[in-house]
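Chains, contacts and geometry: an overview
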There are 2 protein chains.
Amino acid sequence: MPDPALRANARRNRERLLAAAEEVVTERGTSASLRDIARRAEVGIGTLYRHFPTREALLEALMQERFERLQARADELLGEPPYRAVVTWLRDLAAASATVHGLPDAVLSALRDRDSALHAACDGMRTAGARLLERAQSAGAIRADLTPSDLLALTAGLAWASDYAEDKEARLERLFAVMETGLAS
Amino acid sequence: MPDPALRANARRNRERLLAAAEEVVTERGTSASLRDIARRAEVGIGTLYRHFPTREALLEALMQERFERLQARADELLGEPPYRAVVTWLRDLAAASATVHGLPDAVLSALRDRDSALHAACDGMRTAGARLLERAQSAGAIRADLTPSDLLALTAGLAWASDYAEDKEARLERLFAVMETGLAS
DNA sequence: ACCTGAACACCGTTCAAGT
DNA sequence: ACCTGAACACCGTTCAAGT
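These notes cover the structure that comes with them. Since the model is a prediction, treat every value here as computed from it, not as a measurement.

All right, on to the packing of aromatic side chains then. The full count for this structure, using the stated rule, is three aromatic pairs over all chains. On the basis of an interplanar angle of 5° and a centroid distance of 5.0 Å, the ring pair of A:Trp160 and B:Trp160 is categorised as stacked. Taken as a pair, A:Trp160 in helix H8 (residues 148–162) and B:Trp160 in helix H8 (residues 148–162) lie in two separate chains rather than in one. Residue class for A:Trp160 comes out buried when judged on its relative accessible area of 9%. On the basis of an interplanar angle of 65° and a centroid distance of 5.0 Å, the ring pair of B:Trp160 and B:Tyr164 is categorised as edge-to-face. Considered together, B:Trp160 and B:Tyr164 belong to a single accessibility category, that of buried residues. One aromatic cluster in this structure is built from A:Trp160, A:Tyr164, B:Trp160 and B:Tyr164.

This is the structure:
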């Protein structure tokens, strides 16, 4: 659903920017050069800033679908047993966080910074996770001292740490297993 | 024990650089501007590069004592019960890693990069941790699938994640508690 | 409305010229 | 031996000038 308020050429530029950002961020991570992105999109650097006033705004547009899918997943999982639901969701979150270099940092930073263009999206994730966590804590399945932010931070930490391994997926699985058993109360 | 091979003025510059780096890195983290450090030391930028050809070399000099102390600590802990020894050492490692913003990243990066000036120091840490880990694994106290690198990465991940919290120490304690129980096999 | 790119203030890094 | 800082190639970000 293209924004009809945008002139055709503006909409086209926006799409070129997103496609270029997708590529460059996949290659170089979340702190990729914005100039590189503008160059790849064959657009002036000012045009990038016009459409995405901050790096976080660009990231937000880039990650939107992924975040929405994760939130929807959280809702689905309310139908599952409390402990299993939390762990399953966190596993999905960790896997998603590990797909883009620098994403765990972007998420935790945005969670802290209410002014970040990424804040609302990340806060939505926290709320989604909070529902699952609270339910499991009420059932006595997960240690009571953990906050929803702790849970996101821990998961981001595992994804972050796995990024330095030769075999990232295998390490993430091992680290996740540690967390999984450690969460139980 | 000042290096006698260095001229008096060179030795003085080196010390000024280290003192300045200590301050700036404490304030801004491991990716602080090298120019800032040279300015604070009242020394030309070329002089910084002459004494410390890479950022990692500077970091290595800065962290030397801390790393040595941690390695010594690992040796002491060989006198303690296996599981308790590992956990105690990891707690010290996590606390040390959390003192400087960006240090967990520097450590895991150096572990991967054999050419890093920080590699030897970090690899020494890994070896020190490996002895403790192996002993605990042989005793069946810690899950057998974890490697020494996994252990350092996990600990670095917790320190990294805690850095985004309002109350960093409290969060590190909570996350560490999760890891601590999760490590047991 | 929107696009462009020069301009500014910063980097990291190198290296010719100095003492 | 060692020090210096100009020079280079990059950034992120802004904004006057264009269409």
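Most often, soluble globular proteins keep nonpolar side chains buried together rather than apart. In this structure, A:Ile37, A:Trp89, B:Ile37 and B:Trp89 are the most contacted members of the largest nonpolar core, which totals 128 residues. Counting residues per element, this core draws most heavily on helix H4 (residues 55–77) of chain B, at 10 residues. Look past the residues within four positions of A:Ile37 in its chain and what remains in contact with it is A:Leu17, A:Ala20, A:Ala21, A:Val24, A:Val25, A:Leu48 and A:Leu58.

Turning to the relation of the copies chain B and chain A, a few remarks are in order. Once turned by 180° and shifted 0.0 Å along the axis, chain B lies on chain A with an RMSD of 0.0 Å. On the angle and the small slide along the axis, the relation comes out as a two-fold axis. Closest approach to the rotation axis among the C-alpha atoms of chain B is made by B:Gly182, whose C-alpha sits 1.9 Å away.

Let's shift gears to the side chain of B:Asp150. Mapped onto the elements of the fold, B:Asp150 is located in helix H8. Looking at B:Asp150, the relative accessible area reads 1%, which means it is buried. Among the polar contacts listed, one links the side chain of B:Asp150 to the side chain of A:Arg171, at a separation of 2.8 Å. Contacts of B:Asp150, omitting those with residues within four sequence positions, involve A:Arg171, A:Arg174, A:Leu175 and B:Asp145.

Bringing the protein's contact with DNA strand C into the picture now. Looking at DNA strand C, there are 23 residues lining it, with A:Asn13, A:Gly44, A:Thr47, B:Arg35 and B:Tyr49 nearest. Expressed as a percentage, the sugar and phosphate content of the atoms of DNA strand C within 4 Å of the protein is 59%. Residue A:Arg7 places a side-chain N or O atom 3.4 Å away from a base nitrogen belonging to DNA strand C. Between a phosphate oxygen of DNA strand C and a side-chain N or O atom of A:Thr47, the distance comes to 2.8 Å. Sorting the residues of the surface near DNA strand C by element identifies helix H1 (8–28) and helix H3 (45–51) of chain A together with helix H2 (34–40) and helix H3 (45–51) of chain B as the ones contributing at least two each.

Quick look at the interface of chain B and chain A now. Counting residues at the interface gives 31 residues for chain B and 31 residues for chain A. With both sides pooled, the region where chain B packs onto chain A buries about 2600 Å², and carbon together with sulfur makes up 62% of that total. Run the count over chain B and chain A and you get four salt bridges. Across the pair B:Asp150 and A:Arg174 runs a salt bridge, and its minimum N-O distance is 2.5 Å. The tally of links from chain B across to chain A stands at eight residue pairs in polar contact (both at pLDDT 80 or more). Counting only elements with at least two residues in the side of chain B that touches chain A, the list comes to helix H6 (103–112), H8 and helix H9 (168–183) of chain B. Counting residues per element, the side of chain B that touches chain A draws most heavily on H9(B), which supplies 10 residues. When the residues that make up the side of chain B that touches chain A are grouped by side-chain class, the tally is 16 nonpolar, five polar and 10 charged.

Relative orientation and spacing of two packed helices are given, respectively, by the angle between their axes and the distance between those axes. All names here are of chain A. Contact geometry of H1 with helix H4 (residues 55–77) gives a least axis separation of 10 Å together with a crossing angle of 80°. One finds that H1 runs roughly perpendicular with respect to H4. Within the contact between the two elements, H1 uses Arg14, Leu18, Ala21, Glu22 and Val25 and H4 uses Leu58, Ala61, Leu62 and Arg66. Split by residue class, the contact of H1 with H4 holds six nonpolar, no polar and three charged.

On to the pattern of salt bridges. Residues and elements named next belong to chain A. For the coordinates displayed, the defined rule picks out 32 salt bridges over all chains. Note that Arg143 is salt-bridged to Asp145, the shortest N-O span being 3.6 Å. Ionic contacts of the salt-bridge type, sharing partners, join the residues Glu23, Glu27 and Arg40 into one network.

Below, the discussion takes up the packing of helix H6 (residues 103–112) of chain A against H8(A). All names here are of chain A. Between H6 and H8, whose axes approach to 9 Å, the crossing angle comes to 155°. It follows that H6 is roughly antiparallel to H8 by the angle criterion. Remark: the crossing between H6 and H8 carries left-handed chirality. Side by side, H6 and H8 meet where Pro104, Leu108 and Leu111 of the first sit next to Leu152, Ala153, Ala156, Ala159 and Trp160 of the second.

Rules behind the numbers
- Residues numbered from 1 in each chain as written.
- Chains lettered and ligands numbered in written order.
- Predicted model: local features only at pLDDT ≥ 70, side-chain atom pairs only at ≥ 80, totals over all residues.
- Heavy atoms only, no water.
- Phe/Tyr/Trp six-rings, centres within 6.5 Å; stacked < 30°, edge-to-face > 60°.
- Helix = DSSP H or I, 4+ residues; strand = E, 2+ residues; numbered from the N terminus.
- Buried < 20%, exposed > 50% of the residue type's maximum accessible area, 1.4 Å probe, protein only.
- Core = buried A, V, L, I, M, F, W, Y, C linked by side-chain atoms within 4.5 Å.
- Contact = heavy atoms within 4.5 Å.
- Least-squares fit on C-alpha atoms with pLDDT ≥ 70 in both.
- Polar contact = N/O pair within 3.5 Å; in protein donor to acceptor, adjacent residues only side chain to side chain.
- Near = heavy atom within 4 Å.
- Buried area = accessible area lost by both parts, 1.4 Å probe.
- Salt bridge = Lys/Arg side-chain N within 4 Å of Asp/Glu carboxyl O.
- Nonpolar A, V, L, I, M, F, W, Y, C, P; charged D, E, K, R; others polar.
- Axes fitted to C-alpha atoms, helices over the stretch in contact; angles between N-to-C directions.
- Parallel < 35°, antiparallel > 145°, perpendicular 65-115°, else oblique.
- Left-handed = near helix turned anticlockwise from the far one by under 90°.

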